[in-house]
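Observations on the three-dimensional arrangement
Residues per chain, in single letters:
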Amino acid sequence: MTDDPDTPADTKLTRTKQAWARSAKFLTGRIARPDNERLPPGQHLVKDWPVLDLGLQPEIAVSSWSLDIDGLVERPLHWRWDEFMAQEQSTDVSDIHCVTTWSRYDNRWEGVATRTILDLAHPKAEAGFVVLYSHDGYTTNLTLADFASEDAILAHSWEGRPLTAEHGGPLRLVLPKLYFWKSAKWLKRIEFTSENRPGFWEVRGYHDRGDPWREERYSDD
Ligand SMILES: Nc1nc2c(c(=O)[nH]1)N[C@H]1C(S)=C(S)[C@@H](COP(=O)(O)O)O[C@H]1N2
Ligand SMILES: [Mo]
């Protein structure tokens, strides 16, 4: 495994989650039929909102915040906070499904839709994948198609309030149709690539895609 040396991978929770991947914990073998229920197989509902991270929660002031959108795009973008906030705003209400088996319904997010980003940055024809980079050293990978999901949003607010630092503020991705590890907190860079580049959890036994309805928790090997 090759990592950024300062990626804080060796916390107790990180070790536990790697062990879960090795033992395929939580796999129920039930695949939900589409639309037959709201809760994906093997999940349970929570009312609070758990915090999951690598053991470190960076505090990023909006005054020093910026976002880079680069790689295989016609128009690379570099936004300071007020430039980001000046982009077309969207709202979406969605459910969270975390691979550690909790789900939380009806979260109202505000931010900039990933489709708005795609319209502005214009990925090149060869761009089939996206890598997200975060301030804590975390990365995660997506296909361009998943990144472009209609309800995917770069969120700065939850339930009408700015996202707290523990939940990834100032800015995180929210991609409701995949397990929540794909929704990078403390987002700083979005890179478009021609090849798939597995991220932090994807190189530690977690599934490349992570569809909760198909229970794509772990990779097969
Ligand atoms: N930058 C960063 N993003 C991250 C993580 C992380 O450790 N660092 N953890 C992921 C995981 S495993 C989950 S379940 C969700 C947790 O988000 P929450 O703490 O807001 O519930 O963030 C995801 N995004
Ligand atoms: Mo998670």
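Analysis parameters
- Numbering of residues starts from 1 in each chain and follows the order in which that chain's sequence is written.
- In the order they appear in the text, chains get letters beginning with A and ligands get numbers beginning with 1.
- Selection of residues for local features in this predicted model requires a pLDDT of at least 70, selection of side-chain atom pairs for listing and counting requires 80 or more, and totals for whole chains, interfaces and linings are taken over all residues.
- Side-chain figures throughout are based on the complete set of non-hydrogen atoms in the structure, without hydrogens or water.
- By the criteria applied, helices consist of DSSP H or I runs no shorter than four residues and strands consist of E runs no shorter than two, each listed in order from the N terminus.
- Here the globule rule is a power law, 2.2 Å times the number of residues to the power 0.38, and the radius of gyration is based on C-alpha atoms.
- To sort residues, take the accessible area from a 1.4 Å probe on protein chains only and compare it with the maximum for the residue type: under 20% means buried, over 50% means exposed, and anything in between is partly exposed.
- Contacts are assigned to residue pairs with any non-hydrogen atoms lying within 4.5 Å of each other.
- All accessible-area figures derive from a Shrake-Rupley calculation using a 1.4 Å probe, and residue coverage is judged against the displayed protein chains alone.
- A single heavy atom is enough: if one lies within 4 Å of a molecule or strand, its residue is considered near that molecule or strand.
- For the purposes of these results, a polar contact is taken to be a pair of N or O atoms within 3.5 Å, where, inside protein, one atom must be able to donate a hydrogen and its partner to accept one; residues adjacent in sequence count only when each atom of the pair is a side-chain atom.
- Two kinds of site are reported from a 1 Å grid over the protein atoms alone, namely cavities, where a 1.4 Å probe fits but cannot get out, and pockets, open sets with protein on both sides within 12 Å along at least five of seven lines, and residues are called lining when an atom falls within 4 Å of a point.
- Pocket occupancy is defined atom-wise: a molecule lies in a cavity or pocket when more than half of its atoms are within 2 Å of its grid points.
- Grid points are joined across faces, edges and corners, and a volume is the space filled by probe spheres set on the points.
- Three classes are used, and their members are as follows: Ala, Val, Leu, Ile, Met, Phe, Trp, Tyr, Cys and Pro are nonpolar, Asp, Glu, Lys and Arg are charged, and the others, Gly among them, are polar.
- In this analysis, rings of Phe, Tyr and Trp, with Trp reduced to its six-membered ring, are considered paired at centre separations within 6.5 Å, and the interplanar angle assigns stacked below 30 degrees, edge-to-face beyond 60, and tilted for intermediate values.
- Over a ring means this: the NZ of a Lys or the CZ of an Arg is within 6 Å of the ring centre and within 35 degrees of the ring normal.
- Strand pairing is defined by DSSP finding a minimum of two bridges between the two strands.
- Axes, fitted as lines to C-alpha atoms, cover a helix only where it is in contact. Angles between the N-to-C directions of the axes lie from 0 to 180 degrees.

**Structural notes on the overall build of the protein chain**
Looking only at helices and strands, one finds 4 helices and 11 strands in the protein chain. For the protein chain, whose C-alpha radius of gyration is 17 Å, the value lies close to the compact-globule estimate of 17 Å for 221 residues. Buried positions account for 51% of the 221 residues belonging to the protein chain. A separation threshold of at least 6 residues defines the contact pool for the protein chain, and within that pool the share at least 24 residues apart is 71%. In the form shown here, the protein chain has an accessible surface area of approximately 10500 Å², with 49% of it arising from carbon and sulfur atoms.

**What about the site of ligand 1?**
As a matter of local geometry, ligand 1 sits amid 21 residues, with Pro50, Asp136, His167, Arg172 and Lys185 nearest to it. Between ligand 1 and Asp136 there is a distance of 2.7 Å, counted from a nitrogen atom to a side-chain nitrogen or oxygen. Contact between ligand 1 and Arg172: an oxygen atom at 2.7 Å from a side-chain N or O atom of the residue. Burial of ligand 1 by the protein chains amounts to 99% of its free accessible area of 540 Å². When each cavity is represented as a set of grid points, ligand 1 is found to reside in the largest cavity.

**So, empty space enclosed by the protein**
Applying the stated criterion to the full structure yields 1 cavity of 30 Å³ or more. Estimated volume of the largest cavity: approximately 290 Å³. Of the residues belonging to the lining of the largest cavity, the class tally is 14 nonpolar, 2 polar and 5 charged.

**Details of the packing of aromatic side chains**
Two measures describe an aromatic ring pair: the distance that separates the ring centres and the angle between the ring planes. Counted by the stated rule, this structure contains 15 aromatic pairs. Ring plane angle 90 degrees and centroid distance 4.9 Å describe the contact between Trp65 and Trp81, whose orientation is recorded as edge-to-face. Highlighted residues: Trp65 in the loop between β1 (44–45) and β2 (66–71) and Trp81 in helix α2 (residues 81–85), separated in sequence by 16 residues. Residue Trp81 is classed as buried on the basis of its relative accessible area, which comes to 16%. It is Arg38 that lies over the ring of Tyr105; its NZ or CZ is 4.0 Å from the centre.

**Some points on the sheet that holds β2**
Where strands meet in a sheet, backbone hydrogen bonds hold them as pairs that are either parallel or antiparallel. One open sheet holds the 5 strands; their spatial order is β3-β2-β11-β6-β7, and the pairing between them is mixed. In this open sheet, the two edge strands, each paired with only one partner strand, are β3 (77–80) and β7 (139–143). The mean inter-strand angle of the sheet, taken between neighbouring strand axes irrespective of direction, is 15 degrees. Where strand β6 (residues 129–134) and β7 come together, 5 bridges link them in antiparallel fashion. Along β7, the bridge assignment pairs Val130 with Leu142.

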